[in-house]
Amino acid sequence: PTAKIVHPDPEETAPKYTPPPPPKFSLRKCQKCSGYGKGLIVHNGLCRSCNLSTFPPLTDAELTDGWFSVSDIGDNSVLKKIVELEEEYVPENRVMVGSRIKIHHVSRLLSNNEIYSTSRSEVDGKLVGGTDDEEEIIVGRGNVIKGLDIALLTMVLGETSLIKILSPSYSYLTNPSLTPKVKLGDSLLIEVKVTSCGDILPRFPTKEELEATKQSRKKEAELELKENPPVPYQERRSIALKEKDLGNVQFSLGNYKSAKSHYDNGFINIFIHRDEWSHFVSDSEKELFNEVKSVLHLNRCCCRLKMGELDDA
């Protein structure tokens, strides 16, 4: 009767709320605005909206002068202006991914118009150190900086164009050039002319494609083995002995060439690759095969002696 009732603490008896885990985003996040979006984040880590705000739109003067964007992400990081077209447009003359082409180029720094690389020996009446030899490249294979690679895919044989590369991710962001004049991230102005456009070279497959091809061939081999199982060793030995008997009949009739042909057929039926012979043929089966081989060798030798082929015998 003196017992005291102690009521439980509501906070201890109430079920504790466990917040759900944060959603696992499989989408990439923009490094600038932290927004998510499927297909909206491009290779430089920014969304398309932030890319458009990074590079200003073309001015009326630039549009009138013929400049337009050839960037693969829709911004103005790579601009192009067609200077000259030697021939009318023909689809067969268009530069494609894998095309082996030859170009002349004059590459400058956009900031001060200084030439840092060229294939020309003379520019604007001045010697600039080039050899006038065309440079051969394969488009889309990383032979040149990415901005020039993208611009070349919009060109045709005989076209001369000016290319502005404003984004570091399209020029020398991570890979320094071969000349100390270019610093990482410098904007470039390249005049390029396509002088030759050859056949399209096939692309070397990626590791994933090679693995997929390997698995596909493995399945085809397994299916082929299932549909056409190999002839058992005992049956192959029996066929070889039958060929030996047929050869003996021809030998007794004096048809040595025909007899040798039967003995050769016997060898064909019991031929086993050395890897298979070493790992899959048992010792007892090897003895049976070797007995047949010895007889066929001797009989074939007798045929060559009868035919006068002493050296081969």
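Above this text is the structure in question.
Here the structure is a predicted model, which is why all the values come from computation and not from measurement.

What counts, and where the lines are drawn
- Residues numbered from 1 in each chain as written.
- Predicted model: local features only at pLDDT ≥ 70, side-chain atom pairs only at ≥ 80, totals over all residues.
- Heavy atoms only, no water.
- Helix = DSSP H or I, 4+ residues; strand = E, 2+ residues; numbered from the N terminus.
- Buried < 20%, exposed > 50% of the residue type's maximum accessible area, 1.4 Å probe, protein only.
- Contact = heavy atoms within 4.5 Å.
- Areas by Shrake-Rupley, 256 points an atom, 1.4 Å probe, with all protein chains shown as cover.
- Expected span 1.5 Å × (residues − 1).
- Core = buried A, V, L, I, M, F, W, Y, C linked by side-chain atoms within 4.5 Å.

*Asks:* How would you summarise the overall build of the chain if you had to cite specific residues and measurements?
*Replies:* Of regular secondary structure, the chain possesses nine helices and nine strands. Split into buried and exposed, the 313 residues of the chain put 32% on the buried side. Taking as baseline every contact in the chain between residues at least 6 positions apart, the subset at least 24 positions apart corresponds to 59%. Put simply, the chain shows about 21100 Å² of open surface, and 55% of that area lies on carbon and sulfur atoms.

*Asks:* Residues and numbers for helix α7 (residues 256-269), please.
*Replies:* Each α-helix turn comprises 3.6 residues. Residues three or four places apart therefore point the same way. Helix length check: α7, at 14 residues, gives a terminal C-alpha distance of 20 Å against a target of 20 Å (1.5 Å per residue), a fit within 8%. Contacts from the buried residues of α7 go to α6 (233-252) and α9 (283-306).

*Asks:* Give me the lowdown on the nonpolar core, citing residues and values where you can.
*Replies:* Core analysis: the biggest nonpolar cluster contains 26 residues, and Leu152, Leu188, Ile190 and Val192 have the highest contact counts within it. Secondary structure elements with two or more residues in this core: β3 (99-109), α4 (146-152), β8 (159-165) and β9 (188-200). Residues in contact with Ile190, not counting those within four places in the same chain, are His105, Val106, Ser107, Tyr116, Ile145, Leu148, Ser161, Leu162, Ile163 and Ile165. In this structure, Ile272, Val292, Leu296 and Cys303 belong to the second largest nonpolar core, which totals 13 residues.

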